[in-house]
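Chain by chain, the residues:
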Amino acid sequence: MGGTVWSAASCRVALSDGASARAASEGWKRVKTSKWIIAAYIVCMFSISDCLVSVFLQCSNKVRVRRMLRPFFVIQRSTMMKKVWNCLRRTFPDIASVLLLLLAHLYFFTLFGMLLFPTPRLPGAGAVSNGTGHSLPDNSSISSSGNQTIEDEYFRSFNTSFISLLVLLTTANNPDVMMPAYKENRFSALYFIVFLMIGLYCLMNMLTAVIYNQFRGYFKASMTSSLFRRRLGIRAAFEMLRNRQLLLERVSVSVQIQSDTGVPKQAVLSTLPKVRISEAARCRVQSALSSFPEYITSDQLQEIFDSYNKKSSADSQVPPIPWLPENTVLFKLQRILVHPMFGYFGCGVVLSNVIAISVLFSTQYDKSLESSHSAIHMMNVCFACYYVLEKMLLMWANGKKRFIKSKAELFDTVILFALVILEVVFLSRYGSEVFLSTSSSSLDSTHLAWQLVKTINLLIILRLIRLLPQIQRMYLVVISMLDIARNLAPFGGLLLALYYLFAILGMELFEGKIVAPSNTTGESEYSCGTYEQLGYWANNFDDFAAALVVLWNIMVVNNWHVFLDVYSRKVSPWSQLYFIVFWILSVIVSVNLFTAIILENFIMRWDRHQLRLRALKDRSTSFTSTYSTTNPLSVHEMFRPDVEEPSEDELLAELQNNEYIYFQNL
């Protein structure tokens, strides 16, 4: 344990040295205005102090705050994660206003519920279960008239009423919370309907709209600032090249140069080998330079740098089909194989295979997986033979280069290769029993046959992915999902940091608070719907992995009131604040932020797709799109159409006011 503490302290010292090195390189003047660098110093010093306390106490202290500070270093070293954090920080006042309105909504309806309910019922009717884990004896809730009330299970106190309505806002206990009152008076359903209409369908959706609007506004401003810095850097490079050329030509730098004076192309070419970029990017820049005149203006240099981030036409161009016109038979066969109808036919074969598997599983599931004379084994072998023949013909017809260029074909080929290997293994071990044996028997008692049959059928079902490119609208959704998976990396990083923080905090607060009994077969002894009766013993905070699973269950919000109930009973009613705060940060904030990214990405994809279809319908050749509807979109590219280019005067004014670079010809 001591070695772990010392290693943690060493890591903090190294991180502190990294912050110091960055401060020395950027200047202490910038450090004073950089909140992230100052926060890094504070967190490092606090973590080192916590490590020293653990060493002095011989690691006997249970609470280690430094573990909860680790996510800070992950966020601090990611530019996009810091942008997302700043976006959330600036959005918080608007989110807080809606949250306060939501809190007022809960508060008033909590009071209304306590006044409207309970309705007295006759005593001695026994315990009433509330459907969320609370079951009280007959004398647990008595009205002023001495009669027990059926709604007291949900509205017996302010805390119980508030938590019941908060859980109802997530629909986790609907309609359980309504049924006791509804059985007494059907008009009481109006109370819960109005509550959900205002809270769930109005205020919660208002939160999504606020987060989306603020997210879009902040990121648009952030991307505008990023674009300005890019354009400023390129303009500074242009001015430096121009000043160097003036010095080489021994021209007085005091001479005022016109803004449209260019830089010799040779000066850019001579500087290019010194730039640390990939060889492919260098080739793209050189190719772009070849199309410009001898002297290059600042706008033309900007176009050259724009080509740096774009793939060349040679990289994106699909190789041509190597036709064989000299052989009439092979030429006709080649035309048939490359025709789109042959692709549709192949997709139909895969679909029919999957449908046949579904029918056999639904009618004779056990025989399909265990019997040696099952039709599914022979059917899969025949289909696999067709798949191999089809793939070989397609590779021959399209040519090796064109075939390899298609990612969809490569993905399908990898799945087919794995399918063929498993079929060969299956036939080498059980082929005689499947095709030669006359009696139907079980394959064997080992686990190998079971796993082979399941994996073979899973691979066949997985080949249905080849249908996606054939359906344009579905393919557009899939491409958007892939973009979202890539663009959500910084947002996912923040969510993982949130999970890590609350998992460590949960372990500090609730570790060992719930102990599973040695005999867990008596769940019927507990009240219906409780943590104990549902057998949730594995959902605890005794270790880090289990804590993550509990937090995921809270974020899904299904049955999350079970955790609220058990920890309020086992620890303290105040423990509910832990779960409520995590629900607000994960569901209301993070999930809505993910929704904003999904909406922005798909709307942009859809608009570009509609423009492309409209251009094709009008047979217009003037339509050009910077990015194809199938090319991946980054966060910068998502907001690029709404970002304005900085003007020439703004760039020159910023260069003149720059404290690090001085140009005499500006």
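Relevant structure appears above.
Attention here is on the structure that accompanies the text. (Residues numbered from 1 in each chain as written. Predicted model: local features only at pLDDT ≥ 70, side-chain atom pairs only at ≥ 80, totals over all residues. Heavy atoms only, no water.)

## A closer look at helix H7 (residues 158-169)
Move 1: Counted at 1.5 Å a residue, the expected span for H7 with its 12 residues is 16 Å, and the 16 Å between its end C-alpha atoms agrees.
Move 2: Within H7, 10 of the 12 residues are buried, leaving the element largely enclosed by the surrounding structure.
Move 3: Those residues of H7 that sit buried are Thr160, Ser161, Phe162, Ile163, Ser164, Leu165, Leu166, Val167, Leu168 and Leu169.
Move 4: Positive phi shows up at Thr171, right after H7, with a value of about 65°. (Helix = DSSP H or I, 4+ residues; strand = E, 2+ residues; numbered from the N terminus. Expected span 1.5 Å × (residues − 1). Buried < 20%, exposed > 50% of the residue type's maximum accessible area, 1.4 Å probe, protein only.)

## Some details on unusual backbone geometry
Move 1: Residues Asn174 and Pro175 are joined by a peptide bond in cis, for which omega reads 0°.
Move 2: Relative to the assigned elements, Pro175 resides in the loop between H7 and helix H8 (179-184).
Move 3: With phi around 65°, Thr171 is a residue other than glycine that occupies positive phi space.
Move 4: For Thr171, the location among the structural elements is in the loop between H7 and H8.
Move 5: Classification of Thr171 by relative accessible area gives partly exposed; the value is 39%.
Move 6: The phi torsion at Val557 lies on the positive side, around 70°, for a residue other than glycine.
Move 7: Relative to the assigned elements, Val557 resides in the loop between helix H23 (544-556) and helix H24 (560-570).

## Topic: empty space enclosed by the protein
Move 1: Counted according to the given criterion, the structure contains 1 cavity of 30 Å³ or more.
Move 2: In this structure, the largest cavity encloses a volume near 50 Å³.
Move 3: Residue lining of the largest cavity: Ile376, His377, Asn380, Glu423, Phe426, Leu452, Val453, Ile456 and Asn457, and that is the complete set.
Move 4: Among the secondary structure elements, those contributing two or more residues to the lining of the largest cavity are helix H17 (375-398), helix H19 (407-436) and helix H20 (447-462).
Move 5: Considering each element in turn, the lining of the largest cavity owes the most residues, 4 residues, to H20. (1 Å grid on protein atoms, 1.4 Å probe; cavity = no way out; pocket = protein on both sides within 12 Å on 5 of 7 lines; lining within 4 Å. Points joined across faces, edges and corners; volume = space filled by probe spheres on them.)

## Digging into the nonpolar core
Move 1: In terms of nonpolar packing, the biggest core is built from 90 residues, with Phe192, Phe219, Trp560 and Phe579 touching the most fellow members.
Move 2: The biggest single contributor to this core is helix H9 (residues 189-248), with 16 residues.
Move 3: Every residue in contact with Trp560, bar those within four places of it in the chain, is listed here: Leu166, Val167, Thr170, Ala172, Asn553, Ile554, Phe579 and Trp583. (Core = buried A, V, L, I, M, F, W, Y, C linked by side-chain atoms within 4.5 Å. Contact = heavy atoms within 4.5 Å.)

## Quick look at the environment of Phe109
Move 1: Note on placement: Phe109 falls in helix H5 (residues 79-116).
Move 2: Taking the relative accessible area as the measure of exposure, Phe109 reaches 10% and is therefore buried.
Move 3: Distance from Phe109 to Ser161, taken between C-alpha atoms, is 9.0 Å for residues 52 residues apart in sequence.
Move 4: Those residues in contact with Phe109, other than ones at most four positions away along the chain, are Leu165, Tyr191, Val194, Phe195 and Ile198.

## What about a nonpolar patch on the surface?
Move 1: Together, Phe187, Leu190, Ile193, Val194, Met197, Ile198 and Tyr201 give the surface a local cluster of nonpolar side chains, amounting to about 730 Å² of exposed area.
Move 2: Considering the arrangement of structural elements, one finds Tyr201 in helix H9.
Move 3: Accessibility expressed as a relative area gives 54% for Tyr201, which makes it exposed. (Patch = residues over 30% accessible without salt bridge, like charges linked within 9 Å, V, L, I, M, F, W, Y side chains within 5 Å. Areas by Shrake-Rupley, 256 points an atom, 1.4 Å probe, with all protein chains shown as cover. Salt bridge = Lys/Arg side-chain N within 4 Å of Asp/Glu carboxyl O.)

## With respect to the layout of surface pockets
Move 1: By volume, the second largest pocket is sized at about 1,100 Å³.
Move 2: As for the second largest pocket, its lining consists of 42 residues, and the residues nearest its centre are Leu498, Val581, Ile584, Leu585 and Val589.
Move 3: Elements represented by at least two residues in the lining of the second largest pocket include exactly helix H4 (70-76), H5, H7, helix H22 (489-510) and helix H25 (576-617).
Move 4: Within the lining of the second largest pocket, the residues separate by chemical class into 38 nonpolar, 3 polar and 1 charged. (Nonpolar A, V, L, I, M, F, W, Y, C, P; charged D, E, K, R; others polar.)

## Focus: helix H15 (residues 340-363)
Move 1: Under the 1.5 Å per step criterion, the end-to-end length of H15 is 35 Å for 24 residues, consistent within 8% with the ideal 34 Å.
Move 2: Listed as buried for H15 are Phe342, Gly343, Gly346, Cys347, Val349, Val350, Asn353, Val354, Ile357 and Leu360.

## A few points about the packing of aromatic side chains
Move 1: All chains considered together, the criterion is met by 33 aromatic pairs.
Move 2: Counting every residue linked through ring pairs, the aromatic cluster contains Tyr499, Phe502, Phe510, Phe541, Tyr567, Tyr578, Phe579 and Phe582.
Move 3: Directly above the ring of Tyr387 sits Arg463, whose terminal nitrogen or CZ lies 4.2 Å from the centroid. (Phe/Tyr/Trp six-rings, centres within 6.5 Å; stacked < 30°, edge-to-face > 60°. Lys NZ or Arg CZ within 6 Å of the ring centre and 35° of its normal.)

## Let's talk about the pattern of salt bridges
Move 1: Applying the stated criterion across every chain, the model contains 7 salt bridges.
Move 2: Lys391 is paired through a salt bridge with Asp412; the nearest N and O atoms lie 2.6 Å apart. Of this pair, Lys391 sits in helix H17 while Asp412 sits in helix H19; the two residues are 21 residues apart in sequence, bridging distant segments of the chain.
Move 3: The residue Arg569 makes a salt bridge to Asp565 at a minimum N-O spacing of 3.2 Å. Of this pair, Arg569 and Asp565 both sit in helix H24, separated by 4 residues, roughly a single helical turn.
Move 4: Given a relative accessible area of 41%, Arg569 falls into the partly exposed group.
Move 5: The network of salt bridges with shared partners includes Lys391, Glu409, Asp412 and Arg463.

Read these as layout, nothing more, since geometry by itself doesn't imply function.
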